[in-house]
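The primary structure of each chain is shown beneath.
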Amino acid sequence: VLATNNVVFTIDARGLSGTVLQVAGTMVALALPAGQFGQQMVAELFLWSLARNPGMAELELGVEHMKSYGAERRTEAVQDLFWALLNSRDFQLLH
């Protein structure tokens, strides 16, 4: 079963990558006009990936992550945080 799961994931990895890029780009485009970077963006990423709100420590860490990329690299910051959440134990347990 493990080998089959790995093959399925490998086959679908390009699709998942494209989805992450598309979601991140959409979230950034929608959030820029409203100035929703920071706490709101981190909360949205948690809801999209883990179907829950972040805890206080997770929220603070996520906001620091977003700030560390600066305004010119917002899409990259969203992509990286989204990938981190998709690779988390929480995500693996849910899906």
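My aim in this report is to walk through the structure given alongside it, one point at a time.

### Some thoughts on the overall build of the protein
Step number 1: Secondary structure summary: the protein contains 5 helices and 0 strands in total.
Step number 2: Reading the secondary structure of the protein in the N-to-C direction produces α-α-α-α-α.
Step number 3: For the protein, the exposed area adds up to about 6400 Å²; of that, 58% sits on carbon and sulfur atoms.

### Re the side chain of Ser49
Step number 1: Structurally, Ser49 can be placed in helix 2 (residues 39-50).
Step number 2: A polar contact is formed between the side chain of Ser49 and the backbone oxygen of Leu45, at a distance of 2.7 Å.

### What to know about helix 2
Step number 1: With 12 residues, helix 2 should reach 16 Å at 1.5 Å per residue; the first-to-last C-alpha distance of 16 Å fits that figure.
Step number 2: Ala51, located one to two residues past helix 2, shows a positive phi value of around 60°.

### Looking at the pattern of salt bridges
Close approach of charged atoms allows side chains of opposite charge to pair.
Step number 1: Summed over all chains, the structure comprises 3 salt bridges.
Step number 2: Among the ionic pairs, Glu76 bridges to Arg73, the shortest N-O distance being 3.0 Å.
Step number 3: Judged by its relative accessible area of 36%, Arg73 is partly exposed.

### Section: the nonpolar core
Step number 1: With 15 residues, the main nonpolar core has Val42, Leu45, Met66, Leu81 and Leu85 as its most contacted residues.
Step number 2: When residues of this core are traced back to their parent elements, those giving at least two are helix 2, helix 3 (56-69) and helix 4 (74-86).
Step number 3: Examining the composition of this core, we find that 6 residues originate from one element, helix 4, more than from any other.
Step number 4: The residues touching Leu81, leaving out its near neighbours within four places in the chain, are Val42, Leu45, Gly62, His65 and Met66.

### Some details on helix 3
Step number 1: Its 14 residues give helix 3 an end-to-end C-alpha distance of 21 Å, which sits within 8% of 20 Å, the value for a rise of 1.5 Å per residue.
Step number 2: Listing the buried residues of helix 3 in full gives Leu59, Gly62, Val63, His65, Met66 and Tyr69. The arc that holds every buried residue of helix 3, seen down its axis, measures 155°, which confines them to one face. Those residues of helix 3 that are exposed and aimed more than 90 degrees away from the buried face are Met56, Ala57, Glu60, Leu61, Lys67 and Ser68.
Step number 3: On the buried face of helix 3, the contacting elements are helix 2 and helix 4.
Step number 4: Count one or two residues on from helix 3 and you reach Gly70, which has phi positive near 80°.

The rules behind these values
Residues numbered from 1 in each chain as written. Predicted model: local features only at pLDDT ≥ 70, side-chain atom pairs only at ≥ 80, totals over all residues. Heavy atoms only, no water. Helix = DSSP H or I, 4+ residues; strand = E, 2+ residues; numbered from the N terminus. Areas by Shrake-Rupley, 256 points an atom, 1.4 Å probe, with all protein chains shown as cover. Polar contact = N/O pair within 3.5 Å; in protein donor to acceptor, adjacent residues only side chain to side chain. Expected span 1.5 Å × (residues − 1). Salt bridge = Lys/Arg side-chain N within 4 Å of Asp/Glu carboxyl O. Buried < 20%, exposed > 50% of the residue type's maximum accessible area, 1.4 Å probe, protein only. Core = buried A, V, L, I, M, F, W, Y, C linked by side-chain atoms within 4.5 Å. Contact = heavy atoms within 4.5 Å. Arc of directions from axis to C-beta.

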